[in-house]
Amino acid sequence: MNPQRKAKLLNYFYVRDSRLLFVLFTSRWFRYSFALCLSIAIGVPIAVTKFIPATKPGFRPEIHISLLDWIQSEALARTARKAVDSAQPTLAFSSWRTAIGNNPGRADFNRDYLKALVRMDKKRDHWKDATRTTFWLLHLSNTNQSDLELAAKTFETYRLDQLVIQSIDAYSGKQSIELSRSYLRALFRTGQDDAFRDHWRVAPAGASNDPTMELYQVAFNASQGNASQVSQARTMLEQAGTDPQFHLISKQLQLHICHRQGDLKTFETLLITLIENFNDSISDHLLYWDLLKKSGRVELARARAKEFILPPQTGFQVVKIADAYTSLDLPELAISYLKNFSGEYGFQAQSQYAQASLLIAEERWPDVHQFALEIRNSEKTSAPFLAFSYYLEG
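Residues numbered from 1 in each chain as written. Predicted model: local features only at pLDDT ≥ 70, side-chain atom pairs only at ≥ 80, totals over all residues. Heavy atoms only, no water.

Student: If you had to explain the overall build of the protein chain to someone new, which residues and values would you point to?
Tutor: Within the protein chain, the secondary structure is distributed over 22 helices and two strands. Counting every position in the protein chain, which comprises 394 residues, the buried fraction comes to 43%. Across the protein chain, the fraction of contacts at a sequence separation of at least 24, relative to all contacts at a separation of at least 6, is 53%. Only carbon and sulfur atoms are counted for the fraction: they give 55% of the accessible area of the protein chain, which is about 21,600 Å². (Helix = DSSP H or I, 4+ residues; strand = E, 2+ residues; numbered from the N terminus. Buried < 20%, exposed > 50% of the residue type's maximum accessible area, 1.4 Å probe, protein only. Contact = heavy atoms within 4.5 Å. Areas by Shrake-Rupley, 256 points an atom, 1.4 Å probe, with all protein chains shown as cover.)

Listed below in C-alpha cells is the structure:
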C-alpha cells in the first residue's frame, strides 16, 4: 500500500491513538498471531460446550455432547471398524467403548460394538460391557425386533440364558423366527422342559428348519426318552461335533443329556473340555454339583462348590449359586455369597429375599436386624423393600 495512503488511513481511523490497532495495521505477523489467538478463544468454548443433541427428541435421559466429543467418536469408530477387520479385538473393544462414551446416543455404534463382542470375545471376558451395552441399545431403540435379536444373540454368547428369556418375554411384538430359536435354546439350557415343549409346538413356521435347532430337538427327545434314544442322540451329537460349526453346541447339549441321565463320568469329561476352551458357564458348574449330589458324592460336590471362582454375571445367578450352596448344606457360604454380590446388582427382590430367608432359617437374629438396617440405609432401596426391612425387624 502507498505509504501516504496508509498514513491517511491510520489518521482517519484514529489508529495512532491505539497501540493495538496500530500494530494490527502495520505488522502482518502480529495480525496472524492475533487472529489465531482469537480463533482459539472463540473455538475452544464452542468445541467443549455440550450443545449437540445425541438422542432423539423425547428420549430420556436427554443427552447432549460437544463438538469435540462428536469428532473424537467418529475417529474412534473408524479405528474400531478397522481393528475388527484386521482381527485386533483389544483395540476394537477399547475403541468402541470410548466412541460410545463420547457419543452414547449413536445406536449404530452400540450395535457394531455388540457384533464385535459376539464375533471376537472368545474368552467371554467382556460380559459386563456386553450386558450394559445391550440394555442401553434396547432402551435407545425402544426394543425393536432387529435389536432384540442382536440382544438375544449377545446374551446367548455370554450364556446369560435367563436374560434371553426375560428380554423376549417382555417383548410385546410378534416373535420372529430368530427370536423363537433363541428363546427355545434358552429354555432348554435352563431346564424348562415343559416350556420348551409348549413353545416348540407354537413356534413360527420355519423355526425348527435349522441345523442347530435340529440338534436341540434331538437332545430334548433324548433327555425325555429311553436308553436307546439317548444312545442314538449321543451318536448324532458326536457326529455333529466333528463339524467346527457345531463342535461347541454338541458338547453343551451332551452335557445336558448326561446330567438328565445321571452319567457322571461322561459329564466330567465334557466339562473339562469346555473349561480348557474357556466355554464353561456358571450353569454348567451348578449342573455338575447337582449331579455329584445325586450320585451320592456329596462331599466332592461341596469341595467343588467351595473351590468355585467364577463371578456371577446377573442377580439371578447370584440367587442360583446361593441356592446351590444351600442344597449342599453350606448355608454360611450361601449367606456370604449373597452378601458379597447382591449389592453389585442393586436391591433385587430374589437375592434380598433369599438372603433374608437364609438368615431366618439359621436363626441369626442379630444379622437379620443388621440386614434390615442395610436395606433402609441404601440409596437404592425402593418403597416395597423399605416395608420389607421393617417386616424383618418384626
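Student: Which residues make up the side chain of Ser 281, and what values go with them?
Tutor: Tracing the backbone shows Ser 281 in the loop between α15 (264-276) and α16 (282-294). Only 3.2 Å separates the side chain of Ser 281 from the side chain of Arg 159, close enough to count as a polar contact. Beyond its immediate chain neighbours, meaning those up to four positions away, Ser 281 contacts Arg 124, Arg 159 and Leu 310. (Polar contact = N/O pair within 3.5 Å; in protein donor to acceptor, adjacent residues only side chain to side chain.)

Student: Before we move on, could you go through the environment of Ala 203 and cite the residues and values that matter?
Tutor: Tracing the backbone shows Ala 203 in the loop between α11 (193-202) and α12 (211-224). For Ala 203 and Leu 184, which are 19 residues apart along the polypeptide, the C-alpha to C-alpha distance reads 8.8 Å. Ignoring sequence-local partners within four residues, the contact set of Ala 203 consists of Ser 180 and Leu 184.

Student: Could you give an account of the pattern of salt bridges, with specific residues and numbers?
Tutor: Per the stated rule, a full pass over the model turns up 20 salt bridges. A salt bridge links Arg 132 to Asp 129; the nearest nitrogen and oxygen atoms lie 2.8 Å apart. You can see Arg 132 and its partner Asp 129 sitting in helix α7 (residues 127-140), three residues apart, about one turn around the helix. With relative accessibility at 54%, the residue Arg 132 sits in the exposed group. What makes Asp 129 buried here is its relative accessible area of 15%. A salt bridge links Asp 198 to Arg 201, with the shortest nitrogen-to-oxygen separation between them at 3.7 Å. Within this pair, Asp 198 and its partner Arg 201 are both found in helix α11, separated by three residues, close to a single helical turn. Under the relative-accessibility criterion, Arg 201 is labelled exposed at 61%. Through salt bridges with shared partners, a single network forms among Glu 156, Asp 161, Arg 185 and Arg 189. (Salt bridge = Lys/Arg side-chain N within 4 Å of Asp/Glu carboxyl O.)

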